[in-house]
Amino acid sequence: MLNFLWGGMILIGIIYAALNGTMQQVNTAAIESAREAVTLCITMLGVMGLWLGMMEVARASGIMERLTKALRPFLYFLFPDIPKGHRCLEPISVNLISNLLGLGWAATPAGLSAMEELAKLEKERGNKAYGEDEENSTRGNRGKGKRYPRVASNEMCTFLVLNISSLQLIPVNIIAYRSQYGSTAPTAILAPGLIATATSTIVAILFCKIMNRAKKGNLLNMVTSK
């Protein structure tokens, strides 16, 4: 969908420029934008290398492990139904810590790993929808027989909403962009960014807690009514 959206915007811009005789300006802007894009990529590559390197140093020195342990009480509050010590808690911790430091590049692999572990947790709980693919693949019956629709678990929804709200202490990307485009105070975004993301995260947690309680209440009513 985004491909069609961006393609349509570019096409409309070219047609508009052709009709108004401003194709020269469009060509100039395209060349200058390409140059700026390369410069920005080099800048972001340096920033990314710096912070990812610091993450590796923190992991090797045991800082990440200590931070993960410190986050456990908070994670058990957010995900009360996840068994204590489950392996999905580690990638969830790394993802949240990476987002907290504004390292979206490091957060993405950990987030994907966390979702995979949460899917395995659903399989361990006996959710047939999460176990059928492996079973059908083993038997050579992929695509055959009864199919169970997959529905995201409460933990998956909560984790996704937390990633969308994305509490950040240091918005590295925005600081790098502001520095690249000549801001005299690129770190001035720290306080507004912290307030905005803290507010969104608090709202996200409240929303998840309310929805989880409502879902459990509906399930309880269904059981008692039967």
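Right above here is the structure, for reference.
Given the structure is predicted, the values throughout are model-derived calculations rather than measurements.

What counts, and at which threshold
Residues numbered from 1 in each chain as written. Predicted model: local features only at pLDDT ≥ 70, side-chain atom pairs only at ≥ 80, totals over all residues. Heavy atoms only, no water. Helix = DSSP H or I, 4+ residues; strand = E, 2+ residues; numbered from the N terminus. Buried < 20%, exposed > 50% of the residue type's maximum accessible area, 1.4 Å probe, protein only. Contact = heavy atoms within 4.5 Å. Areas by Shrake-Rupley, 256 points an atom, 1.4 Å probe, with all protein chains shown as cover. Expected span 1.5 Å × (residues − 1).

Some remarks on the overall build of the chain
Okay, so step 1: The number of helices and strands found in the chain is nine helices and zero strands.
Okay, so step 2: The N-to-C order of helical and strand elements in the chain reads α-α-α-α-α-α-α-α-α.
Okay, so step 3: Taking all 226 residues of the chain together, 29% fall into the buried category.
Okay, so step 4: The long-range fraction of contacts in the chain, counting pairs at least 24 apart against all pairs at least 6 apart in sequence, stands at 64%.
Okay, so step 5: A total accessible area of about 14,700 Å² is found for the chain, and carbon and sulfur atoms account for 67% of it.

Brief notes about helix H2 (residues 23-60)
Okay, so step 1: A rise of 1.5 Å per residue sets the reference length of H2, with its 38 residues, at 56 Å; its end C-alpha atoms lie 54 Å apart and thus fit the reference within 8%.
Okay, so step 2: Every buried residue belonging to H2 is among Leu40, Met44, Val47, Trp51, Met55 and Ala58, and all of these are buried.
Okay, so step 3: Residues of H2 that are buried sit in contact with helix H3 (63-78), helix H4 (89-100), helix H5 (104-124) and helix H8 (172-180).
Okay, so step 4: Once H2 ends, the next one or two residues include glycine 62, with phi positive near 90°.

Thoughts on the environment of threonine 39
Okay, so step 1: Inspection of the secondary structure assignment puts threonine 39 in helix H2.
Okay, so step 2: With relative accessibility at 33%, the residue threonine 39 sits in the partly exposed group.
Okay, so step 3: Spatially, the C-alpha atom of threonine 39 lies 8.5 Å from that of glutamine 180, the residues being 141 residues apart in sequence.

Without other data, these values stay purely geometric and don't point to any function.
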